[in-house]
Amino acid sequence: MFRIKIPPTVLLFLIVGGASCIFVFYGLYLLIALIALNLACLLLAPIARRRGWGAEGRLTRHLSRPRMEDESRRVIERESVRTLKEEG
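A quick note: this is a predicted structure, and the numbers were derived from the prediction, not measured.

On to the overall build of the protein. Looking only at helices and strands, the protein features three helices and zero strands. Listing every helix and strand of the protein by position from the N terminus yields α-α-α. Residues classed as buried in the protein amount to 1% of the 88 residues present. Per element, the accessible surface of the protein, about 9100 Å² overall, is 68% carbon and sulfur.

This brings us to a nonpolar patch on the surface. Nonpolar side chains collect at one region of the surface, where Ile 22, Val 24, Phe 25, Tyr 26, Leu 28, Tyr 29, Leu 31, Ile 32 and Ile 35 lie side by side and expose about 1000 Å² of accessible area between them. What makes Leu 31 partly exposed here is its relative accessible area of 49%.

What sets the pattern is the α-helix's 3.6 residues per turn: residues three or four places apart point alike. Taking 1.5 Å per residue as the helical rise, helix H1 (residues 8–51) with its 44 residues ought to reach 64 Å, whereas the 55 Å between its terminal C-alpha atoms falls clearly short. At Tyr 26, H1 shows its maximal kink, close to 60°. Two residues or fewer past H1, Gly 52 is found with a positive phi of approximately 75°.

Residues of the protein with pLDDT of at least 70 account for 58%, and the chain-wide mean is 76. Averaged pLDDT values over the elements of the protein bottom out at 58 in helix H3 (residues 71–87) and peak at 89 in H1.

With that settled, the discussion passes to the packing of aromatic side chains. One pass over the structure, following the stated rule, counts one aromatic pair. On the numbers, 6.4 Å between centres and 45° between planes, the contact of Tyr 26 with Tyr 29 is tilted. Here Tyr 26 pairs with Tyr 29, and both are found in helix H1, just three residues apart, close to one helical turn. Comparing Tyr 26 with Tyr 29, the two get one shared label, exposed.

Thresholds, definitions, all that
Residues numbered from 1 in each chain as written. Predicted model: local features only at pLDDT ≥ 70, side-chain atom pairs only at ≥ 80, totals over all residues. Heavy atoms only, no water. Helix = DSSP H or I, 4+ residues; strand = E, 2+ residues; numbered from the N terminus. Buried < 20%, exposed > 50% of the residue type's maximum accessible area, 1.4 Å probe, protein only. Areas by Shrake-Rupley, 256 points an atom, 1.4 Å probe, with all protein chains shown as cover. Patch = residues over 30% accessible without salt bridge, like charges linked within 9 Å, V, L, I, M, F, W, Y side chains within 5 Å. Salt bridge = Lys/Arg side-chain N within 4 Å of Asp/Glu carboxyl O. Expected span 1.5 Å × (residues − 1). Bend = angle between axes of the 7 residues up to and from the residue. pLDDT = per-residue confidence, 0-100. Phe/Tyr/Trp six-rings, centres within 6.5 Å; stacked < 30°, edge-to-face > 60°.

Here it is, written out as C-alpha cells:
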C-alpha cells in the first residue's frame, strides 16, 4: 500500500509523542470534564435515591424476603411431626 517503510521504533515514538501532546494540550479540559462529571453525579445522587433509580433498596428488599422453601420438604416435615404427635 505505502512505499515508505517506517521503522517500528519511529512509529512507536510518533504514537507516544502524539498521545503525550494530546494530554498536554487537552489535559486541563479532560480534568475539568471529569470534575464536572463528578459534580453532576453528586448533585443527582439525592434525586436518584429519592426516586428509587439506584440499587440502594434492592438488597434490603431481597434480604427481607421470606426464605424460599421446598414445598415437598414441608409436606414431609408436617407428616413426620404428625406421626410423632400420634406416637407420643
